[in-house]
Every structure is written in C-alpha cells, then in structure tokens.
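# Residue-level structure breakdown
So you can see what is in the structure, the chains are spelled out below.
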Amino acid sequence: PQRFLILPCHSQVRPEQQREIFKRPPAGVRKIILASNIAETSITVEDVMVVIDTGRAKETSYDPYLKVGTLATTFVSKASAAQRAGRAGRTKE
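Described below are features of the structure shown in this document. Remember, predicted model here, so these are calculated numbers, not experimental data. (Residues numbered from 1 in each chain as written. Predicted model: local features only at pLDDT ≥ 70, side-chain atom pairs only at ≥ 80, totals over all residues. Heavy atoms only, no water.)

Looking now at the overall build of the protein. Looking only at helices and strands, one finds three helices and four strands in the protein. Overall, the protein shows an N-to-C arrangement of helices and strands of β-α-β-α-β-β-α. Per-residue burial over the protein gives 17% buried out of 93 residues. Pairs at least 24 residues apart make up 51% of the contacts formed inside the protein by residues separated by at least 6 positions. Carbon and sulfur atoms make up 56% of the accessible area of the protein, which amounts to about 7400 Å² in all. (Helix = DSSP H or I, 4+ residues; strand = E, 2+ residues; numbered from the N terminus. Buried < 20%, exposed > 50% of the residue type's maximum accessible area, 1.4 Å probe, protein only. Contact = heavy atoms within 4.5 Å. Areas by Shrake-Rupley, 256 points an atom, 1.4 Å probe, with all protein chains shown as cover.)

In structure tokens, the structure reads:
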C-alpha cells in the first residue's frame, strides 16, 4: 500500500494538478506538498499537519552590468518566515 502522496505546488504546475493538494488523501496515506513561496500568501490547505520550511525563496533582480534580469535563490526575511508559519494550520482546531 502507498504510504505517501507527494505533490508539487509552484507556479509551473498546471491548475488541475494544483487542485490535487486540496483533496484529502485516503486513510493511512500522508500527503506531502513540496511548495515554493507561492504558498506563503496565496493558498491555505485545510489538512496541513506539519510544515518544513527551507527558509529560501527565488527572487528576481536586475543585473545592471549584464543588463538582464536574474533569478536567485535567497534566504527569506524573518517577516516572510513568520507569514509562512502563520499560513500553516490556520484552519486546524
């Protein structure tokens, strides 16, 4: 029997796949959502029990020397970390 249901949640995931994260898994199956910082402000998943936050996010910036936009992985601020933590279990009783 399957013990884990692993689902991605980021901007490149198709909407029909993203909807899967809101469905309850079968009995005895633990749902694991691998999320980007899209989950920081955009969604609330009702049955979240535990959150493991890497404290990292991809952010865009402009490199004036190369004259291009870049995407860099950075550490999030304390405020962002607090916001992420606040989203977890918000609906849990």
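Additional details are given in the paragraphs that follow.
To continue, consider the pattern of salt bridges. Per the stated rule, a full pass over the model turns up four salt bridges. In this structure, Glu 16 and Arg 14 form a salt bridge, with 2.7 Å as the shortest nitrogen-oxygen distance. Given the relative accessible area of 48%, Arg 14 is considered partly exposed. The partner of Asp 47 in a salt bridge is Arg 24, and the shortest N-O contact between them spans 3.8 Å. Of the two residues, Asp 47 sits in the loop between α2 (38-41) and β3 (56-63) while Arg 24 sits in the loop between α1 (15-18) and β2 (30-35), which places them 23 residues apart along the sequence. (Salt bridge = Lys/Arg side-chain N within 4 Å of Asp/Glu carboxyl O.)

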